[in-house]
Amino acid sequence: MTVVDRDGAEAGTVTAVQMPGTDVRPDAVAGVAEELMGVGYARIDGTGWLSNDTYAGGDQIRDTVEGEPGVVNLRVTRDALHRAS
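Keep in mind that what you see is a predicted model, and the values were worked out from it rather than measured.

Definitions and limits used
- Residues numbered from 1 in each chain as written.
- Predicted model: local features only at pLDDT ≥ 70, side-chain atom pairs only at ≥ 80, totals over all residues.
- Heavy atoms only, no water.
- Core = buried A, V, L, I, M, F, W, Y, C linked by side-chain atoms within 4.5 Å.
- Buried < 20%, exposed > 50% of the residue type's maximum accessible area, 1.4 Å probe, protein only.
- Helix = DSSP H or I, 4+ residues; strand = E, 2+ residues; numbered from the N terminus.
- Contact = heavy atoms within 4.5 Å.
- Pairing = 2+ DSSP bridges.
- pLDDT = per-residue confidence, 0-100.

Comments concerning the nonpolar core
Here comes step 1: Grouped together as the largest cluster of nonpolar side chains are 9 residues: Val3, Ala11, Val14, Ile44, Ala56, Val72, Leu74, Val76 and Leu81.
Here comes step 2: Elements supplying a minimum of two residues to this core: strand 2 (10-18) and strand 6 (71-74).
Here comes step 3: In this view, Ala56 contacts Leu36, Gly40, Tyr41, Ala42, Ile44, Ile61, Leu74 and Leu81; residues no more than four positions away in its chain are not counted.
Here comes step 4: In terms of nonpolar packing, the next biggest core, distinct from the first, is built from 6 residues, Ala33, Leu36, Tyr55 and Ala84 among them.

What follows is the structure, given as structure tokens:
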């Protein structure tokens, strides 16, 4: 699924989804990783030359739209996403 931030900019593509309360620890700094595990998260393969993977917490996702391809709409800008370490 394509990920679009609140300003309409493409943030990347979803590569994994974990539900709230997961035991799967994301590749993020301590504190952020535990927060993401509590609220659930989507791992996003970023776009652009210098981009790296990011995580959107469940509380940062506004909604999803089914289709080909599906779209995940964020409540935040792509700069507010948690960077993978």
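Still more to cover.
A look at the sheet that holds strand 3 (residues 41-46)
Here comes step 1: Taken in spatial order, the 7 strands make up an open sheet running 5-6-1-2-3-4-7, and their pairing is mixed. Strands at the two margins of the open sheet, each flanked by one partner only, are strand 5 (61-65) and strand 7 (82-83).
Here comes step 2: By the bridge criterion, 4 bridges tie strand 3 to strand 4 (residues 54-57) in an arrangement that is antiparallel. Note that in strand 4 the partner of Ala42 across the bridge is Ala56.

Thoughts on unusual backbone geometry
Here comes step 1: The linkage connecting Glu68 with the following residue, Pro69, adopts the cis geometry, with an omega of -5 degrees.
Here comes step 2: Within the secondary structure, Pro69 is located in the loop between strand 5 and strand 6.

Here's the deal with the confidence of the model for the chain
Here comes step 1: Per-residue confidence for the chain gives a mean pLDDT of 93, with 94% of residues at or over 70.
Here comes step 2: At the low end of the mean pLDDT range in the chain sits strand 7, at 93; at the high end sits strand 6, at 98.

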